[in-house]
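# Coordinates in review
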Amino acid sequence: MSTETEDANDLRERITNFLRRNFPQIQMHGGSAAIEEIDREEGSVTIRLGGACSGCGISPMTIQAIKTRMTKEIPEINEVTARTGMEQQEGMSGGSGGMSPSFPGESRGGDVGGDDDEGPEAPF
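For clarity, every value in this text was computed on a predicted model and none was experimentally measured.

Our next topic: the overall build of the chain. When its secondary structure is counted, the chain shows three helices and three strands. Mapped from its N terminus to its C terminus, the chain presents α and β elements in the order α-α-β-β-α-β. In the chain, buried positions account for 29% of the 124 residues. A separation threshold of at least 6 residues defines the contact pool for the chain, and within that pool the share at least 24 residues apart is 60%. Accessible surface computed for the chain: about 7,900 Å², of which carbon and sulfur atoms make up 47%.

Note on strand geometry: in a regular strand, side chains alternate between the two faces of the sheet. Of all eight residues in strand 2 (residues 44–51), six are buried; the element is thus mostly enclosed. Direction of pairing for strand 1 (residues 31–39) relative to strand 2: antiparallel, over a ladder of eight bridges. The residue of strand 2 that forms the bridge with alanine 33 is leucine 49. If you look at the hairpin formed by strand 1 and strand 2, you'll find four residues sitting between the two strands, and glycine 43 has a positive phi there, around 70°.

Strand order in the open sheet formed by three strands is 1-2-3, and the pairing between neighbours is mixed. In this open sheet, the two strands that pair with only one neighbour each are strand 1 and strand 3 (79–83). Averaged over all pairs of adjacent strands, the angle between their axes in this sheet comes to 20°, without regard to strand direction. Relative to the sheet, helix 3 (residues 59–73) contacts strand 2 and strand 3, its axis offset from that of strand 3 by approximately 155°.

Here we come to the side chain of serine 59. Tracing the backbone shows serine 59 in helix 3. If we skip the residues at most four places from it in the chain, serine 59 touches Cys53 and Thr84.

Only one face of strand 3 is covered, namely the face carrying Val80 and Ala82; the face carrying Glu79, Thr81 and Arg83 is uncovered. In this structure, strand 2 lies alongside strand 3, joined through five bridges in parallel fashion. Considered in strand 3, the bridge of isoleucine 47 is made with alanine 82. Running through helix 3, the crossover from strand 2 to the neighbouring parallel element strand 3 is right-handed.

Any two side chains of opposite charge can pair, on the condition that their charged atoms come close. A complete count under the given rule lists five salt bridges for this structure. For arginine 83, the salt bridge goes to glutamate 36, with nearest N and O atoms at 3.9 Å. Of the two residues, arginine 83 is situated in strand 3 and glutamate 36 in strand 1; the sequence distance between them amounts to 47 residues.

Cut-offs applied
- Residues numbered from 1 in each chain as written.
- Predicted model: local features only at pLDDT ≥ 70, side-chain atom pairs only at ≥ 80, totals over all residues.
- Heavy atoms only, no water.
- Helix = DSSP H or I, 4+ residues; strand = E, 2+ residues; numbered from the N terminus.
- Buried < 20%, exposed > 50% of the residue type's maximum accessible area, 1.4 Å probe, protein only.
- Contact = heavy atoms within 4.5 Å.
- Areas by Shrake-Rupley, 256 points an atom, 1.4 Å probe, with all protein chains shown as cover.
- Pairing = 2+ DSSP bridges.
- Axes fitted to C-alpha atoms, helices over the stretch in contact; angles between N-to-C directions.
- Right-handed = clockwise from strand over helix to strand, strands pointing away.
- Salt bridge = Lys/Arg side-chain N within 4 Å of Asp/Glu carboxyl O.

Spatial relationships are all this shows, so hold off on functional conclusions.
What follows is the structure, encoded as structure tokens:
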């Protein structure tokens, strides 16, 4: 049983590190990302984006990027659910528009703070 607990803690830590490493702009812009639930048997995780993420216009793109990248980088995860507290808009993250989001950190090391193609800065 302690092995299961260690495995669950290891997975939780890897997910937390994944979010910090790949999406530092969430926290830099006044948002937060927290793990709500992990189901190892189903290979699913639920992430809650809070703070400035609730109501942010690019939250749907952030959610889509998290879903796409996490399932590729963490083999135990097959499904990612992300919530922002604005669930009526969550359907936008389903991705029928065909738009592919681009975020700083796509390459190793990230480009946090660069202003080339990031669009307007959030006012916080």
